[in-house]
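Below are the chains, spelled out letter by letter.
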Amino acid sequence: DGGITQSPKYLFRKEGQNVTLSCEQNLNHDAMYWYRQDPGQGLRLIYYSQIVNDFQKGDIAEGYSVSREKKESFPLTVTSAQKNPTAFYLCASSIDRMGIEAFFGQGTRLTVV
Amino acid sequence: GQQVMQIPQYQHVQEGEDFTTYCNSSTTLSNIQWYKQRPGGHPVFLIQLVKSGEVKKQKRLTFQFGEAKKNSSLHITATQTTDVGTYFCAGLYGNKLVFGAGTILRVKS
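The structure displayed is predicted, hence computed values, not measured ones. (Residues numbered from 1 in each chain as written. Chains lettered and ligands numbered in written order. Predicted model: local features only at pLDDT ≥ 70, side-chain atom pairs only at ≥ 80, totals over all residues. Heavy atoms only, no water.)

Chemist: Looking at this model, I keep getting lost on the pairing of strand 1 (residues 4–7) of chain A. Mind explaining?
Modeler: Consecutive side chains along a regular strand alternate between the two faces of the sheet. Residues and elements named next belong to chain A. Burial along strand 1 is one-sided: the face carrying I4 and Q6 is buried and the face carrying T5 and S7 is not. Where strand 1 lies against strand 3 (residues 19–25), four bridges are found, and the strand directions are antiparallel. Residue pairing in the sheet places Q6 in a bridge with C23 of strand 3. (Buried < 20%, exposed > 50% of the residue type's maximum accessible area, 1.4 Å probe, protein only. Helix = DSSP H or I, 4+ residues; strand = E, 2+ residues; numbered from the N terminus. Pairing = 2+ DSSP bridges.)

Chemist: I would appreciate a short explanation of the state of the cysteines in the present structure.
Modeler: The bond known as a disulfide is covalent and runs between the sulfur atoms of two cysteines. This structure, assessed with the given rule, holds two disulfides over all chains. Through a disulfide, C23(A) is tied to C91(A); the S-S separation comes to 1.9 Å. Taking the sign of the S-S torsion, -75° for the link of C23(A) and C91(A), the bridge is left-handed. In this pair, C23(A) sits in strand 3 while C91(A) sits in strand 9 (residues 87–94), placing the two residues 68 residues apart along the sequence. C23(A) gets classed as buried once you look at its relative accessible area, which sits at 1%. Residue class for C91(A) comes out buried when judged on its relative accessible area of 0%. At a sulfur-sulfur separation of 1.7 Å, the disulfide partner of C23(B) is C89(B). With the S-S dihedral at roughly -95°, the linkage between C23(B) and C89(B) falls on the left-handed side. (Disulfide = S-S within 2.5 Å.)

Chemist: Is there a simple way to explain the sheet that holds strand 1 (residues 4–7) of chain B in this structure?
Modeler: As a general point, the strands of a sheet are linked pairwise by backbone hydrogen bonds and lie either parallel or antiparallel. Residue and element names in this part refer to chain B. Overall, antiparallel pairing links the five strands, which are arranged 1-3-8-7-6 in an open sheet. Here the strands that pair on one side only, and so sit at the sheet edges, are strand 1 and strand 6 (55–58). Strand-to-strand, the axes of this sheet are offset by a mean angle of 15°, without reference to chain direction. Where strand 7 (residues 61–65) lies against strand 8 (residues 71–76), five bridges are found, and the strand directions are antiparallel. Considered in strand 8, the bridge of T62 is made with H75. (Axes fitted to C-alpha atoms, helices over the stretch in contact; angles between N-to-C directions.)

Chemist: Help me understand the pairing of strand 6 (residues 54–57) of chain A, please; the structure alone is not making it clear to me.
Modeler: Residues and elements named next belong to chain A. For strand 5 (residues 43–51) and strand 6, the ladder comprises three bridges, and the chain directions are antiparallel. The partner of Y48 across the bridge, within strand 6, is Q56. Hairpin connection of strand 5 to strand 6: two residues between the antiparallel strands, including N53 at a positive phi of 65°.

Chemist: Is there a simple way to think about the side chain of K36(B) in this case?
Modeler: Residues and elements named next belong to chain B. Mapped onto the secondary structure, K36 falls in strand 4 (residues 32–37). D83 provides the closest opposite charge to the buried, salt-bridge-free K36, at an N-O distance of 4.7 Å. At 2.8 Å, the side chain of K36 forms a polar contact with the backbone oxygen of T82. Not counting chain neighbours up to four residues away, the residues in contact with K36 comprise H42, P43, V44, L46, T82, D83, V84, T86 and Y87. (Lys, Arg positive; Asp, Glu negative; His and termini not counted. Salt bridge = Lys/Arg side-chain N within 4 Å of Asp/Glu carboxyl O. Polar contact = N/O pair within 3.5 Å; in protein donor to acceptor, adjacent residues only side chain to side chain. Contact = heavy atoms within 4.5 Å.)

Any functional reading would require information that these geometric values do not contain.
Rendered as structure tokens:
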């Protein structure tokens, strides 16, 4: 089955540690996105990538980093510089640069302890 | 940055009542998309509107795109308990897909 897979589903991190969230898609989509969801604030764009080896900052990129070495993969690293990392993280992909019909993964819930 | 304002934030309705959520952008959108997120789930694509003044229907759901391509609405006729969840609009600004804050719909049976 084609789809977009995020792992892990739940993640606990100690303060001061970096952590990487995985996002893999087998839909042959060019565009991939990372969003953060907090209660009452909807989805906020962290980073997005339209093609391999290229990505752009979204609205809340500070404290995050990404890479796009392969078309299928778009991992997100939450660094220790992110002051309030506890949130629900959603990865999405769409077929091309124009963002038509984004498909979302199941999400990763990150908790800093 | 670009913003999509969505109202209301919450709406509780009695089963059978209608529901509407609205989105507004300060700048013209390439297109607007609507998503539904069930409690505990992830957003799922509902529809995309591209043309000025476009109206699309999916059973009890009616989607509209404004003439100026700056606003949109989703109307649900005769809500059912299966309609509960958060409804998001998402505006396409160039290559960026920007989401509204969402409207949480609760349906009382």
